[in-house]
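Chain by chain, the residues run as shown.
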Amino acid sequence: MLSSLLAVGLLLLLIGLTFGLGQTIVRRFAADAPFAERLVFAVPIGIGIVGFVVWFCGLIGFLSPILFYGLLGLGLPGIGLLLWDALKSRSETRPDRGPLNHAATVLLGLFSLCTLVGALAPPSILEWDALSYHLANPKTWLGHGRIDFLPWDHHSNFPFLVQMHYLLMLGVGSIAGAKLVHWLCYLWLFLSVRTFARRHFTADGQGAILGDVAALLLASVPIVVWEASVAYVDLATALFTWLALYALINAVSVPKNGPATSVSWLLISAVLMGFALGTKYTVLGFWGILLVGILGWHVVVHRTWAKETLPHAALWGGISLLIGLPWYIKNWIVAGNPVYPFAYGLFGGRYWSDENATAYTAEQARFGYGKTPLDLLLSPWQVSQELLFLPSYYATTGRRFIFTEYIVYGFGLSPVFVGLLLTLPFLGRRLSRPSLYCLLFGGGVYLFWFLIMQQTRYLIPALPAFALVIAEAVVLLLTGTKSFVRFLGAGLAGLSVFWGLFLAAGIAAFGVNGVRILPNEPVPRLAPALPVVLGAVDRREYVERTLPGIGAASFWINENTEPQEKVAMFDETRGFWLDREYVWAQPDHAAGLLPWEEYRDVDDWLADFKKRGYTVLLLGLSPELFPEDGRRWRSLMAEAIASGKLTPVFAKGTYRVYHIP
């Protein structure tokens, strides 16, 4: 319980810090914006600034408690400033709120609370990427005292702006605090959708209700609900990208009192897009979509070319690239490739190879439904039905290496997005101009997603824009027709919200429900988060229950090996719970890092590993489950185990730990 309260307190300090930094920029360029709008822009801008500060300090080797506690300590005056601004804003005119608005506020509060509980729980089996690199790499850098090149994990060279906040929270000893950073992005996403609607959907006083509908639709998307409880980065990418679009729409929608106002919002948009470029490589595509929008919007809307279009596009593109490029320049310097490990055929890269690049491309291509014109039309519906399949255990059949069982979880997109988007052609020109801008951007993101990598969470940056379009469709159907269609639209939206709330409550209080297939056995349930958050269940016990095998193996290694011993991991990458130096030892992670093809025999391999300090071997598959894939490292491992040259010291499930004597 105490650790949960500490994490919430640290998050409040971070909000104060980021608001204090971000509001200096927002006040300079958008002083006339209402407090709620200044708030939703200031905190993300502050998150970007703090991320760069931590990154720079890490690069120069200053990952010190002085840095971490000093930064969070600066959050105290920021909290005071935020409260003072909030009190002053009480005089601002607010839209009238009715029972539906109050009900929406209660529902959003429930979504926030349930996902907060999930975020406060230790990372578990559904957080593979967090345990492999989002949280694991910052923990490794803390141990090194600096941010350095981790050749065995190519992910460590991705743009890591948000992970710098994970590093900050881990630096003060709070894993839950790190997860809450991503939860904060969830909160800010639906808050910003509400403020957008109140600014841009003012006809007939519908901005408040439309904003509430959009916020609920966004907050209840199953994949978004799940992401709010884990330490990934997709919600942060969506937040920065969405706010960049939001600011651009502000820029083209202000009264024509002169160029200063529109340029101010243009600059805010550029800053946020620059920070977005520091969260994920895919943002390069979103950057291009918005740049095309800047170049073309005046011609499309006014049928004339504006002389300021090119200067504005150059200004926006230049500032955003200036802010985002340091991550790519660093990669070029340390890895030899600005988008490492992608585009290997063009740029090359250290510890990578043609074989690795081919295998990585094939793995990425496994996601999705195909790229034919028919798939382009059907993918929205297919992805709305997507479920998360998690292998439960492994087995071999002859020479085939297969999963014998899967657990299925209902975290995809909500069908409401597909169902109500299909009504748009029937609404004709009744959609407002802001909705059309959002629809164009969302469509551009969808097309980019379809062509690049069809993984569901990569569509999240389009969801805030689509949520606003769908919310306007719901409102138009309710107010513009007397047929049963209006009730159908409202009913679909309502069912979507309550299904999302069921999933959120499931994460918090009941465990994540799944359906076991192959074979059909009783429905499994992961441990609920609430007991461990409240302190009724020990955190280690929770980790071992929700991470069967790897959790127990990691804790055993921490308690039974010497601090200087290093761990080599095989068929497993989730090293976060290890308190020892480790490496992903398979060559498909880092070509040439370990000379597997040069070892003469088992003795030569073991002697080299001992020389390097890797005396502990952690295997995710027990030897009897080894596939016959012809890889030399696996044949050496099998021979060493069979000949007794490795000492078995731990076994649980498919996991084995061996020691090199």
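Within each chain, residue numbers correspond to sequence positions counted from 1 in written order. In keeping with the model being predicted, local features are shown solely for residues with a pLDDT of at least 70 and side-chain atom pairs are shown and tallied solely at 80 or more, while totals for entire chains, interfaces and linings include all residues. Side-chain measures were taken over the full set of non-hydrogen atoms in the model, leaving aside hydrogen atoms and water.

Asks: Tell me what's going on with the overall build of the protein chain, and back it up with residues and numbers.
Replies: The secondary structure content of the protein chain amounts to 28 helices and eight strands. Exposure categories follow from relative accessible area, calculated using a 1.4 Å probe and restricted to protein chains: below 20% of the type maximum is buried, above 50% is exposed, and the middle band is partly exposed. Among the 661 residues that make up the protein chain, the fraction classed as buried is 58%. Strands are runs of DSSP state E lasting at least two residues, helices are runs of H or I lasting at least four, and both sets are numbered from the N terminus onward.

Asks: Give a detailed account of the environment of Ser435, specifying residues and quantitative values.
Replies: Within the fold, Ser435 resides in helix H21 (residues 433-452). Between the C-alpha atoms of Ser435 and Ala465, which are 30 residues apart in sequence, the distance is 7.8 Å. Any two residues having at least one pair of non-hydrogen atoms within 4.5 Å are treated as being in contact. Discounting chain neighbours no more than four positions away, the residues touching Ser435 are Phe201, Leu468, Val469 and Glu472.

Asks: So what about the packing of aromatic side chains? Which residues, and what values?
Replies: Aromatic rings from Phe, Tyr and Trp, with only the six-membered ring used for Trp, were paired whenever their centres fell within 6.5 Å, and each pair was classed as stacked if the ring planes differed by under 30 degrees, edge-to-face if by over 60, and tilted otherwise. Taken as a whole and judged by the stated rule, the model has 42 aromatic pairs. With a centroid separation of 5.2 Å and an interplanar angle of 75°, the aromatic rings of Trp226 and Tyr232 are classed as edge-to-face. Neither Trp226 nor Tyr232 differs from the other in exposure class; each is buried. Between Trp556 and Phe650, the ring centres sit 6.1 Å apart and the planes meet at 40°, which makes this aromatic pair tilted.

Asks: Residues and numbers for the packing of helix H8 (residues 163-171) against helix H9 (residues 175-200), please.
Replies: Relative orientation of the contacting elements H8 and H9 amounts to 155°, with a least axis distance of 7 Å. With respect to their mutual orientation, H8 and H9 come out roughly antiparallel. Here the hand of the crossing between H8 and H9 comes out right-handed. Across the interface between the two elements, His165, Tyr166, Met169 and Leu170 of H8 pack against Ile175, Gly177, Ala178, Val181 and His182 of H9. When its residues are assigned to classes, the contact of H8 with H9 shows six nonpolar, three polar and no charged. Between N-to-C directions, angles span 0 to 180 degrees; the directions come from axes that are lines fitted to C-alpha atoms, helices contributing only their stretch in contact. Each angle is binned into one of four classes, with values under 35 degrees roughly parallel, values over 145 roughly antiparallel, values of 65 to 115 roughly perpendicular, and all other values oblique. Crossings are classed by handedness, with left-handed meaning an anticlockwise turn of the near helix from the far one by less than a right angle and right-handed meaning a clockwise turn. We call Asp, Glu, Lys and Arg charged. Ala, Val, Leu, Ile, Met, Phe, Trp, Tyr, Cys and Pro are nonpolar, and the rest, Gly among them, are polar.

Asks: Can you tell me about the sheet that holds strand E8 (residues 655-659), naming the residues and giving the values?
Replies: In spatial order, the strands read E5-E4-E6-E8-E7; together these five strands make up an open sheet with mixed pairing. Each edge of the open sheet carries a strand with a single partner, namely strand E5 (582-584) and strand E7 (647-652). Strand-to-strand twist of the sheet, defined as the mean angle between neighbouring strand axes without regard to direction, takes the value 20°. Where helix H26 (residues 550-560) meets the sheet, it contacts strand E4 (566-570), strand E6 (614-619), E7 and E8, and its direction lies at approximately 140° from that of E7. For two strands to pair, DSSP has to find at least two bridges joining them.

Asks: Which residues make up H26, and what values do they have?
Replies: The α-helix advances 3.6 residues per turn, and as a result positions three or four apart in sequence lie on the same side. With respect to burial, H26 is a largely interior element, eight of its eleven residues being buried. Within the sequence span of H26, burial applies to Ile550, Gly551, Ala552, Ala553, Ser554, Phe555, Ile557 and Asn558.

Asks: Provide a residue-level description of the packing of helix H12 (residues 234-253) against H21, including the pertinent values.
Replies: Contact pair H12 / H21: the axes reach a minimum separation of 11 Å and the direction vectors enclose 145°. Both H12 and H21 take part in a crossing whose hand is right-handed. Touching Thr241, Trp242, Leu245, Ile249 and Val252 of H12 are Pro434, Tyr437, Cys438 and Phe441, all from H21. Of the residues that constitute the contact of H12 with H21, the class distribution is eight nonpolar, one polar and no charged.

Asks: Can you lay out the confidence of the model for the protein chain for me, pointing to particular residues and giving the numbers?
Replies: Per-residue confidence from the prediction method is given by pLDDT, with values spanning 0 to 100. Counting all residues, the mean pLDDT for the protein chain is 86, and 88% of those residues have values of 70 or more. Under a pLDDT of 50 for its full length, residues 257-261 has, in the predicted model, one contact with residues more than four places off or in other chains. Per-residue pLDDT stays below 50 along residues 387-408; that stretch engages in 66 contacts with residues further than four places along the chain or on separate chains.

Asks: How would you summarise the pairing of E8 if you had to cite specific residues and measurements?
Replies: Most of E8 is tucked away, with four of its five residues classed as buried. Pairing between E6 and E8: four bridges, direction antiparallel. Bridging from a neighbouring strand, Val616 pairs with His659 of E8. As judged from the five bridges shared by E7 and E8, these two strands associate in the antiparallel manner. Bridge assignment links Thr647 to a residue of E8, and that residue is His659. Hairpin connection from E7 to E8: two residues lie between these consecutive antiparallel strands, with Gly653 at a positive phi of about 60°.

Asks: Go over the nonpolar core with me, naming the residues and quoting the values.
Replies: The term nonpolar core refers to a set of buried residues drawn from Ala, Val, Leu, Ile, Met, Phe, Trp, Tyr and Cys, joined through side-chain atoms within 4.5 Å. Trp605, Phe609 and Leu617 are the most contacted members of the largest nonpolar core, which has 230 residues in total. For this core, the element with the highest residue contribution is H9, accounting for 15 residues.

Asks: Describe in detail the pairing of E6, supporting the description with residues and values.
Replies: Counting buried positions along E6 yields six of six residues, so the element is predominantly enclosed. Inspection of the sheet shows E4 paired to E6 by five bridges, in the parallel sense. Residue pairing in the sheet places Met569 in a bridge with Leu618 of E6.

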